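Structure at a glance
Each chain, letter by letter, is given below.
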Amino acid sequence: MKRLIAGLLFAVQAVSAGAAEQLSATPFFALSLPGIDRRPIALASFKGQPLVVNFWARWCAPCRQEIPDLAALHARYKERGLLVIGIAVEDAEQHEKVRDFARAYEMSYTALIGGVETSIELMRSLGNSKAGLPFTVVIDRDGRIRGSKLGAMSASEMDAAVRPIL
């Protein structure tokens, strides 16, 4: 029952986020961002895979709270093709701090550094007009945004959000 309710809450957020306008993941796939190893990664390389894209920052307490659940989600569904991508809303000069944070929090999924301005612009284009954190977007294999949430997601909400895209 808890998963059903979480799924319905996420579905309502997905509908409200895209009801007035159909949001596109195109701005996401158009970017190239550095990983925590400083190597640039073309986000277009993730096309065709189910994605959970989570925007976070080191100073964001709710972000810290959901990171272990994102890591568990990644571990649980990676064999089914799910990719969890964390985009740090931090600037490149914070690279070492972001890298150390990702290691300390055992972020076993892909961690990228988005830069503050680029990340805010991207979040807004994906439906987060307030540019608040954390912000999570679920994208299906066809590159369509299937849902999003501003604020921390519980493990059951994450699970409910990804099941339809696997």
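Structure: see above.
Attention here is on the structure that accompanies the text. (Residues numbered from 1 in each chain as written. Predicted model: local features only at pLDDT ≥ 70, side-chain atom pairs only at ≥ 80, totals over all residues. Heavy atoms only, no water.)

**Let's talk about the sheet that holds strand β5 (residues 110-113)**
What counts is decided by this rule: Two strands make a pair as long as DSSP finds a minimum of two bridges between them. Put simply, DSSP marks the helices as runs of H or I at least four residues long and the strands as runs of E at least two long, and each gets a number from the N terminus on. To get an axis, fit a line to the C-alpha atoms, keeping to the stretch in contact for a helix; angles then go from 0 to 180 degrees between the N-to-C directions.
Taken in spatial order, the 5 strands of this open sheet run β5-β4-β3-β6-β7, and their pairing is mixed. Two strands lie at the open edges of the sheet, namely β5 and β7 (145-150), each paired on one side alone. Each adjacent strand pair in this sheet contributes to an overall mean axis angle of 15°, direction not counted.

**Regarding the environment of phenylalanine 46**
Test applied: Contacts: residue pairs with any heavy atoms within 4.5 Å of one another.
Along the chain, the position of phenylalanine 46 falls in the loop between β2 (40-42) and β3 (51-56). Measuring from C-alpha to C-alpha, the distance between phenylalanine 46 and phenylalanine 28 comes to 9.9 Å, with 18 residues separating the pair along the chain. Other than its neighbours up to four places away in sequence, phenylalanine 46 contacts Phe28, Phe29, Ile41, Leu51, Leu83, Ile85 and Thr110.

**Side note on the packing of aromatic side chains**
Short version of the rule: To pair, rings of Phe, Tyr and Trp, with the six-membered ring standing in for Trp, must have centres within 6.5 Å; the planes then decide the type, stacked if under 30 degrees apart, edge-to-face if over 60, and tilted in the middle.
For the coordinates displayed, the defined rule picks out 4 aromatic pairs. Measuring from ring centre to ring centre gives 5.2 Å for tryptophan 56 and phenylalanine 101, while their planes differ by 20°; the resulting arrangement is stacked. With tryptophan 56 in strand β3 and phenylalanine 101 in helix α4 (residues 95-104), this residue pair connects regions lying 45 residues apart in the sequence. Taken together, the ring pairs in this structure connect Trp56, Phe101 and Tyr105 into an aromatic cluster.

**Some details on the environment of arginine 38**
Formally: Nitrogen and oxygen atoms within 3.5 Å of one another constitute a polar contact, given that in protein one can donate a hydrogen and the other can accept it, and given that sequence-neighbouring residues count only through two side-chain atoms.
Structurally, the position occupied by arginine 38 is in the loop between β1 (32-34) and β2. The spatial distance from the C-alpha of arginine 38 to the C-alpha of arginine 99 is 9.5 Å, given a sequence separation of 61 residues. Side-chain polar atoms of arginine 38 contact the side chain of histidine 95, separated by 3.1 Å.

**As for the pattern of salt bridges**
Where we set the bar: In the sections that follow, a salt bridge refers to a side-chain nitrogen of Lys or Arg positioned within 4 Å of a carboxyl oxygen of Asp or Glu. Partly exposed describes any residue whose relative accessible area lies between the buried limit of under 20% and the exposed limit of over 50%, with all areas from a 1.4 Å probe on protein chains only and scaled to the type maximum.
Using the criterion set out here, one finds 9 salt bridges in the structure. One salt bridge connects glutamate 90 with arginine 58, and the closest N-O pair in it is separated by 3.0 Å. Residue glutamate 90 is located in the loop between β4 (83-88) and α4, and its partner arginine 58 is located in the loop between β3 and α3 (61-77); the two are separated by 32 residues in the primary sequence. An identical accessibility class is assigned to glutamate 90 and arginine 58; each is buried. Residue arginine 144 pairs with aspartate 140 through a salt bridge whose shortest N-O separation is 2.9 Å. Note on aspartate 140: relative accessible area 4%, which makes it buried.

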